[in-house]
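Structural overview
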Amino acid sequence: MTNQQIVLKSRPVTHASEDNFALRTVPVPPLGDGEVLRRTLYLSLDPYMRGRMGSAASYAAGVPLDHVMIGGTVSQVIESTNPAFAPGDFVTGYDGWQEYHVSKGHDLRRLDPAVAPISTAIGVLGMPGMTAYVGLFDLGQPKAGETVVVSAASGAVGAIVGQLAKLTGCRVVGIAGAQEKCDYVVQELGFDACVSHYSDTLRDDLAAACPKGVDVYFENVGGKVFEAVFGLMNVHGRIPVCGTISEYNAPTPTSGPTLRALLTNRIMIRGFIVGEHAARQADFLRDCAQWIREGTLKYREDVVDGLAQAPSALLRLFDGRNFGKLLVRVSPDPSQATRG
Ligand code: NDP
């Protein structure tokens, strides 16, 4: 049996391109003792992958050249000599950009398709959802009546942040690119307002949408969007810094606001990495699975078919051509037939 893989061929200097990747076909290794062979059904594409394509020091090392690109996955077990997993099981893990993977399965978590569609394990009920949950609740600490602003508002993380803030009783203002995305977060997800970062009057648009200023800014974008929101922060405002996607393709960091304003307004600004908040996973899964069942938490997936499309699809994240949680359907999902 053969395994298609996508490996990192070269490192981008500025913008990532499809040429940084190569497709290769290798044999699937034989199954050893205590091992699990699984077929990838869904591969998650996420902005952090741009960082892993580089070699600059960060919170995680870059992917070595000629190695399979890292990525969260939902898979089905094909064969197993590990008593914890049986053929047919659905699991989530980090199998990367490939069709098959064999390992001891230490990092695998079994999924129940009756709880939610299994693709959600890499979206609203996976890393992006958990990021929204801990970033908003634990770092942002929103209170009813406060104003919460979130950038990349229609995306995998931002859409959940805004809805969780609404559940808390906050005024929620999104920032997104296209008008279609702004309409979606207001009309479908219930945000109070959304402004476009393409507007020449972004700062004024935001000020009009946030008449009482901003108490929590959930930062996903950085750059000029950050500067526009920063000037509206209230005393004792909080800024969980989740991501700065506008800077990921830049060779050097872009400018930011002055530290004096942070001091004068006693603003708490704190970066975080979702992987360091694993202790909250049980709370997150309990709450968000329930809100999805009740229909209070909505999510949108942007599904691309075929592993070979992964490189071009990844690039969509950096100019807003994704709309919702971006994922690749690597193989047909057999659980969909049983869900009806
Ligand atoms: P999204 O699904 O939101 O997709 C990325 C979106 O970012 C695009 O659709 C686009 O939306 C917006 N964007 C891209 N480039 C720019 C730009 N130059 N200026 C303004 N907006 C831009 O991605 P995710 O929800 O998966 O990730 C959102 C952020 O969260 C990222 O910064 C990511 O790195 C971060 N993150 C951090 C984690 C952590 O542990 N700290 C974990 C997970 C994610 P639009 O069309 O609206 O402009």
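Residues numbered from 1 in each chain as written. Predicted model: local features only at pLDDT ≥ 70, side-chain atom pairs only at ≥ 80, totals over all residues. Heavy atoms only, no water.

1. What to know about the overall build of the chain
Applicable threshold: Where helices and strands are cited, they refer to DSSP runs of H or I of at least four residues and of E of at least two residues respectively, numbered from the N terminus. Put simply, the radius of gyration uses C-alpha atoms, and a globule should come to 2.2 Å times the residue count raised to 0.38. Burial here depends on accessible area, computed with a 1.4 Å probe over protein chains only, as a share of the maximum for the residue type. Under 20% is buried, over 50% is exposed, and the range in between is partly exposed. Should any heavy atoms of two residues lie within 4.5 Å, those residues are considered in contact. In these tables, accessible area is a Shrake-Rupley quantity obtained with a 1.4 Å probe, and a residue counts as shielded only by the protein chains included in the view.
In terms of regular secondary structure, the chain is built from 10 helices and 15 strands. Against the compact-globule benchmark of 20 Å for 340 residues, the chain has a radius of gyration of 20 Å, which places it among compact chains. In terms of its C-alpha atoms, the chain occupies a principal-axis envelope of roughly 60 × 45 × 35 Å. With 340 residues in all, the chain has 51% of them scored as buried. Pairs at least 24 apart in sequence give 68% of the contacts found in the chain among residues at least 6 apart. Taken as a whole, the chain presents about 15100 Å² of accessible surface, with 53% of it coming from carbon and sulfur.

2. Observations concerning the sheet that holds strand β11 (residues 214-218)
Keep this limit in mind: DSSP bridges decide pairing: two strands pair if at least two such bridges lie between them. Angles here are taken between N-to-C directions and fall from 0 to 180 degrees, while the axes themselves are lines fitted to C-alpha atoms, restricted in helices to the stretch in contact.
On the basis of which strands lie adjacent, the open sheet formed by 6 strands has the order β10-β9-β8-β11-β12-β13 and parallel pairing. In the strand order of this sheet, the two ends are held by β10 (193-196) and β13 (268-271), each with one partner. Shown here is a sheet whose adjacent strand axes are inclined to one another by a mean of 15°, direction ignored. Across 2 bridges, β11 lies against strand β12 (residues 233-241) in parallel orientation.

3. Some details on the domain arrangement of the chain
To keep things clear, this is the line we draw: Residue ranges for the domains originate in an automatic or database domain assignment. Summed over both partners, the accessible area (1.4 Å probe) lost when two parts come together is defined as the buried area. Basic side-chain nitrogens of Lys or Arg form a salt bridge, by our definition, when they fall within 4 Å of a carboxyl oxygen of Asp or Glu. N or O atoms within 3.5 Å of each other form a polar contact, as long as, within protein, one can give a hydrogen and the other can take it, and as long as residues adjacent in sequence are counted only when both atoms are side-chain atoms.
One can read the domain layout of the chain as domain 1 (2-120 + 300-339) and domain 2 (127-275). Between domain 1 and domain 2, the C-alpha centre-to-centre distance is 29 Å. Opposite the 19 residues of domain 1 that make contact, domain 2 presents 13 residues. Summed over both partners, the interface of domain 1 with domain 2 comes to about 1300 Å²; 66% of that surface belongs to carbon and sulfur atoms. Ranking the residues of domain 1 by area buried against domain 2 places Y59, F318 and F323 at the top, with a combined share of 32%. In this structure, the connection of domain 1 to domain 2 is made through 0 salt bridges. For the pair domain 1 and domain 2, the number of links is 4 residue pairs in polar contact (both at pLDDT 80 or more).

4. Some remarks on the packing of aromatic side chains
Counted only if it meets this: Here a pair means two rings of Phe, Tyr or Trp (six-membered ring of Trp) with centres within 6.5 Å. Their orientation is stacked below 30 degrees between planes, edge-to-face above 60, and tilted elsewhere. Remark: a charge is flagged as sitting over a ring if the NZ atom of Lys or the CZ atom of Arg is within 6 Å of the ring centre and within 35 degrees of the ring normal.
According to the stated counting rule, one finds 7 aromatic pairs in the structure shown. These aromatic residues form a ring-pair network of at least three members: Y133, F137 and F284. One cation-aromatic arrangement involves R300 over Y184; the distance from NZ or CZ to the ring centre is 5.2 Å. One Lys or Arg, R300, reaches over the ring of F323 and ends 3.5 Å from the middle of that ring.

5. Topic: the side chain of E219
Let me state the cut-off plainly: Charge counting treats Lys and Arg as positive and Asp and Glu as negative, with His and both chain ends excluded.
Secondary-structure assignment places E219 in the loop between β11 and α6 (223-230). K224 provides the closest opposite charge to the buried, salt-bridge-free E219, at an N-O distance of 12 Å. A polar side-chain atom of E219 sits 3.4 Å from a polar atom in the side chain of S151. At 2.6 Å, the side chain of E219 forms a polar contact with the side chain of Y217. Those residues in contact with E219 that sit more than four places away from it in its chain are S151, F226, I239, P240, V241, C242 and G243.

6. Some points on the side chain of S335
Looking at the element boundaries, S335 is found in helix α10 (residues 335-339). Residue classification places S335 among the buried residues on the basis of a relative accessible area of 2%. Reaching out from S335, the side chain makes a polar contact with the side chain of D333 at a distance of 2.6 Å.

7. Things to note about the site of the ligand
Here is the rule we go by: The nearness test applies per residue and asks whether one of its heavy atoms lies within 4 Å of the molecule or strand. Three classes are used, and their members are as follows: Ala, Val, Leu, Ile, Met, Phe, Trp, Tyr, Cys and Pro are nonpolar, Asp, Glu, Lys and Arg are charged, and the others, Gly among them, are polar.
With respect to spatial proximity, 27 residues lie near the ligand, and among them G177, K181, H197, Y248 and N322 are the closest. Note that an oxygen atom of the ligand is positioned 2.5 Å from one of the side-chain N or O atoms of N322. Across the shell around the ligand, the residue classes tally to 15 nonpolar, 11 polar and 1 charged. No fewer than three residues from each of domain 1 (2-120 + 300-339) and domain 2 (127-275) sit in the shell around the ligand.

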